[in-house]
Amino acid sequence: MTHDHRPFGRLLTAMVSPFRADGSLDVEGAARLATYLVDEQANDALVINGTTGESPTTSDGEKEQLIRAVVEAVGDRAKVVAGVGTNDTSHTIELAAGAEKAGAHGLLVVTPYYNKPPQAGVLRHFTAVADATGLPMLVYDIPHRAGIPIATETMVRLAEHPRIVGVKDAKGDLIATSWVTQRTDLAYYSGEDALTLPLLAIGAVGLVGTSTHFSGVYAQEMIQSYERGDVAGALSLHQRLMPIFTGIFRSPGTILVKGALAAKGMPAGPVRSPLVDATEADMAQLREDFGAAGLPL
């Protein structure tokens, strides 16, 4: 099955979901943040309702509100990819249908987590979700959170589906990824900011980032430099951005992204329990990380 080489562009950010001080959803803030990410941080697409968007603690109704608000704000100039993955196939299908109805341009579906299905179940889960809508879909391979990997042979089988077009790869296994990029035309997007350049070297096409709330322009430039054959330039940008690529994950990325956005006067608000807001010590360290990357916070 032949897919679009780069179905969602080069750079996507997994956007946080802004909340108001009382913890309620800030729909207007989400639209403003999406506009900033597309117009000022060079994102080709945004992932809404991913884990960074606190999807475990937002309701199905809030998820649909967020998609509609972001599509209205930036859908004419960037693609909106809706995170719909759960560990329940029927609920995932419901969320996928809702995202399509709300105007999303694509889906991100994570490996079913915690219940650890065998590979036959993983294959059936992803295929059922892909069958349920007309939207192109990224599968999200993140074993350290899901509890299981998507096996290479399973990925090759998934590539046969006309709407399974790519992978958000947070497996950290360059050998497994190399085998899949060699045997399929799935579009691989790095799911770990700091591994973007190594993954480009083995066939990836871009990044679904977290630190790219702030480093998007430079991450986009790094990817384009590599594509032009300017490997030294791409490496220089990779090395420059390493402090923020890694520093944003000293705590769960959502916590520090929201802390940094608030420091910049951008929509963010608190996190929802069981996450906790960034401490003063967290923010002091993050300012050091940003400064080391040449991006003062």
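Cut-off values and rules
- Residues numbered from 1 in each chain as written.
- Predicted model: local features only at pLDDT ≥ 70, side-chain atom pairs only at ≥ 80, totals over all residues.
- Heavy atoms only, no water.
- Helix = DSSP H or I, 4+ residues; strand = E, 2+ residues; numbered from the N terminus.
- Buried < 20%, exposed > 50% of the residue type's maximum accessible area, 1.4 Å probe, protein only.
- Contact = heavy atoms within 4.5 Å.
- Areas by Shrake-Rupley, 256 points an atom, 1.4 Å probe, with all protein chains shown as cover.
- Lys, Arg positive; Asp, Glu negative; His and termini not counted.
- Charge placed at Lys NZ, Arg CZ, Asp CG, Glu CD.
- Pairing = 2+ DSSP bridges.
- Right-handed = clockwise from strand over helix to strand, strands pointing away.
- UniProt positions renumbered as here; feature names shortened; annotations may be inferred.
- Salt bridge = Lys/Arg side-chain N within 4 Å of Asp/Glu carboxyl O.
- Axes fitted to C-alpha atoms, helices over the stretch in contact; angles between N-to-C directions.
- Parallel < 35°, antiparallel > 145°, perpendicular 65-115°, else oblique.
- Left-handed = near helix turned anticlockwise from the far one by under 90°.
- Nonpolar A, V, L, I, M, F, W, Y, C, P; charged D, E, K, R; others polar.

What follows concerns the overall build of the protein. When you go through the protein residue by residue, the secondary structure sums to twelve helices and eight strands. The principal-axis extents of the C-alpha atoms in the protein amount to approximately 45 × 45 × 35 Å. Taking all 297 residues of the protein together, 55% fall into the buried category. Nonlocal contacts in the protein, meaning residues at least 24 apart in sequence, comprise 71% of its contacts between residues at least 6 apart. Surface exposure of the protein reaches about 11800 Å², of which carbon and sulfur atoms provide 52%. Within the protein, one finds 24 positive and 33 negative side-chain charges whose respective centroids are separated by 1 Å.

What follows concerns the pairing of strand β2 (residues 45-48). Here β2 shows no split at all, with Ala-45 and Val-47 on one side and Leu-46 and Ile-48 on the other all buried. Alignment of strand β1 (residues 11-14) against β2, held across three bridges, turns out to be parallel. Residue pairing across strands places Thr-13 opposite Leu-46, the latter belonging to β2. With helix α1 (residues 27-39) bridging β1 and the parallel β2, this β-α-β connection has right-handed handedness. One crossover worth recording links β2 to the parallel strand β3 (residues 79-83) by way of helix α2 (residues 60-74), and it is right-handed.

Relative to the elements of secondary structure, Ala-292 occurs in helix α12 (residues 280-292). The exposure class of Ala-292 is exposed, given its relative accessible area of 53%. For the pair Ala-292 and Tyr-226, spaced 66 residues apart in the sequence, the C-alpha separation amounts to 23 Å.

This next bit is on the UniProt feature "site: Part of a proton relay during catalysis" (unreviewed entry) in the protein. Feature annotation in UniProt assigns "site: Part of a proton relay during catalysis" (unreviewed entry) to the following positions: Thr-51 and Tyr-114. Excluding its chain neighbours within four sequence positions, the residues that come into contact with Thr-51 are Arg-145 and Thr-254. In this structure Tyr-114 touches Asn-87 and Ala-146, once residues within four positions along its chain are discounted.

This paragraph deals with the pattern of salt bridges. Scanning the entire structure with this criterion turns up eleven salt bridges. Notably, a salt bridge pairs Arg-10 with Glu-227, separated by 2.7 Å at the nearest N-O pair. In this pair, Arg-10 is assigned in the segment before β1 and Glu-227 in helix α9 (residues 212-227), connecting sequence segments 217 residues apart. Glu-227 sits in the partly exposed class, given a relative accessible area of 34%. A cluster of three or more residues bridged by salt bridges with shared partners is formed by Arg-6, Arg-10 and Glu-227.

Another point: the packing of α1 against α2. Relative orientation of the contacting elements α1 and α2 amounts to 45°, with a least axis distance of 9 Å. Overall, the two elements α1 and α2 adopt an arrangement that is oblique. α1 and α2 meet at a crossing whose hand is right-handed. Contacts between α1 and α2 pair Val-27, Ala-30, Ala-31, Ala-34, Thr-35 and Val-38 from the former with Gln-65, Leu-66, Ala-69, Val-70, Ala-73 and Val-74 from the latter. Per-class residue counts for the contact of α1 with α2 are ten nonpolar, two polar and no charged.

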